[in-house]
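Below are the chains, spelled out letter by letter.
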Amino acid sequence: MGTAENYDEVLKGKYPAKAHAKKVKEWILQKGGDAKGTVYLEGQKTRMLEDNDEAAPFRQRRYFYYLSGCNLSDSYLTYELESEKLTLFIPPIEPDEVIWSGLPLTVEEALEKYDIDAAKTTSDVNPYLAHIASSTSSSTIYSIPAQVSDHITFLSYTNKDLDLLKPAIESCRVTKTPYEIALLRKANAISTAAHIAVMSAGPSATNETQLEAVFLKSCIERGAKEQSYHSIVAAGTNAATLHYTPNDATISDQNLLLLDAGCEVDCYCSDITRTFPLKGSFSAESLAIYKIVLSMQKQCTEALKAGVLWDSVHELAHKIAIDGLLDLGLLKGDKSAILEARTSVAFFPHGLGHYLGMDTHDCGGNPNYADTDPLYRYLRVRGKLPRDSVVTVEPGIYFCRFIVEPYLRDEAHRGFIDQEVLGRYWAVGGVRIEDNILITEDGYENLTPTPKEVDDVTRIVLGKS
């Protein structure tokens, strides 16, 4: 498994598409699937912008990429379970298109570039499907609903299974190969440089947009042209909105900036949040909240290893938050009673984290958003964490009037909150600290080297490091 220093060495190899395909095969067979079946997947199509002779921004389908490593539009693949033959179908050369876009990848180049057994053009897809069915006695085709083009025919197959492949890939994606971990390391390294650049630019910024631009520039100039998600660049009370996205407010006397941003490298995401004082000095209130959140983040990370129950780690975060808010006098009463009443949800309303991989909120977490317990309702991961999974640890404390004020009117909660003390904290807005954590057999490895200690962060903002 690659270390932070040699991820580039690992990435000199090919994306392990065949290893992923075999993993999916084994999952399907464990569920009683057809050992002679065929997997069929399509990449994302080129889509034109409405009323505009231009293609929309392209984002490859993750199910297709997981079994191909191919980021070309309008491509297809088959995987024959019995022979484990992986075949990629790429667009052919269209002379009229070459004039505008240049020569596309050839089948010979595709075979060299990707971890596949054969490469063909997309005109061969239907004949090849019929060939597989007739020559191997394959009776079942596995595909994903709404991801099969109208011109594709499965008539040669006795059974069409549109139920098993999607959960198979989602389950397999939870645990990562060394190559995938190397991609995540690289995304984290680039994003870390960008976070540091934003911290350094904080004192001179007069608008959130300027800091968003600093982050994007830093990523792009390091070769990461795509973002994992729309950045959250939230100054002052804007940070009380969990998924704040306008990023256009004037910066004047706000104390903190919350930056939740991460680049994407070859379809793999980083997801990092840092909160820092814009001028290099925390207010007494913001520093107190920052220290609580940092303690939550560190203690919850230390609790991680293969087999740990994520629900319990999330509960631990709430217990630490309650202790810290009691020490500040913001909460009052018995800490067990506060936890039982779920009053801490007023200040920490979201889940502790989520799986990370090709998607920011990656698949396989089995959330239960219908949970009647508000402490767990928004957990994106439920159950035990497996080895080689990657999860974010992102506790936060927020002072959002829309969320908190109903608690102040609720008989079950208002007795636990000191409203006079609370009044001093509204201006803090919100504090969140987020790292990307690889789960190992006996513990964890933090893939995120972004500074977060108080002294380190303030030195960067003040230009002293």
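Residues numbered from 1 in each chain as written. Predicted model: local features only at pLDDT ≥ 70, side-chain atom pairs only at ≥ 80, totals over all residues. Heavy atoms only, no water.

Our focus in this paragraph is the domain arrangement of the protein. When its domains are assigned, the protein resolves into domain 1 (17-174) and domain 2 (178-462). Centre-to-centre separation of domain 1 and domain 2, based on C-alpha positions: 37 Å. Domain 1 puts nine residues into the contact, and the matching count from domain 2 is 15 residues. In total, about 1100 Å² of surface goes out of reach between domain 1 and domain 2, with carbon and sulfur atoms giving 54% of it. Of all residues in domain 1, R62, R173 and V174 bury the most surface against domain 2, accounting for 56% of the area lost on that side. A salt bridge links R173 to D362, with the shortest nitrogen-to-oxygen separation between them at 2.6 Å. At the junction of domain 1 and domain 2, the tally comes to eight residue pairs in polar contact (both at pLDDT 80 or more). If you list the elements that add at least two residues to the side of domain 1 that touches domain 2, you get helix 3 (62-66) and helix 7 (165-173). In terms of residue class, the side of domain 1 that touches domain 2 is built from three nonpolar, two polar and four charged. (Domains from an automatic or database assignment. Contact = heavy atoms within 4.5 Å. Buried area = accessible area lost by both parts, 1.4 Å probe. Salt bridge = Lys/Arg side-chain N within 4 Å of Asp/Glu carboxyl O. Polar contact = N/O pair within 3.5 Å; in protein donor to acceptor, adjacent residues only side chain to side chain. Helix = DSSP H or I, 4+ residues; strand = E, 2+ residues; numbered from the N terminus. Nonpolar A, V, L, I, M, F, W, Y, C, P; charged D, E, K, R; others polar.)

For the rest of this paragraph, the subject is the sheet that holds strand 1 (residues 38-42). Taken together, the six strands give an open sheet; going across it, the order is 4-3-2-1-5-6, and neighbouring strands pair in mixed fashion. Edge positions in the sheet fall to strand 4 (118-121) and strand 6 (159-161), since each has one partner strand and no second. Ignoring strand direction, the axes of neighbouring strands in this sheet form an average angle of 20°. The sheet strands contacting helix 2 (residues 17-30) are strand 1, strand 2 (76-80), strand 3 (85-90) and strand 5 (140-142), and the helix crosses strand 2 at an angle near 55°. (Pairing = 2+ DSSP bridges. Axes fitted to C-alpha atoms, helices over the stretch in contact; angles between N-to-C directions.)

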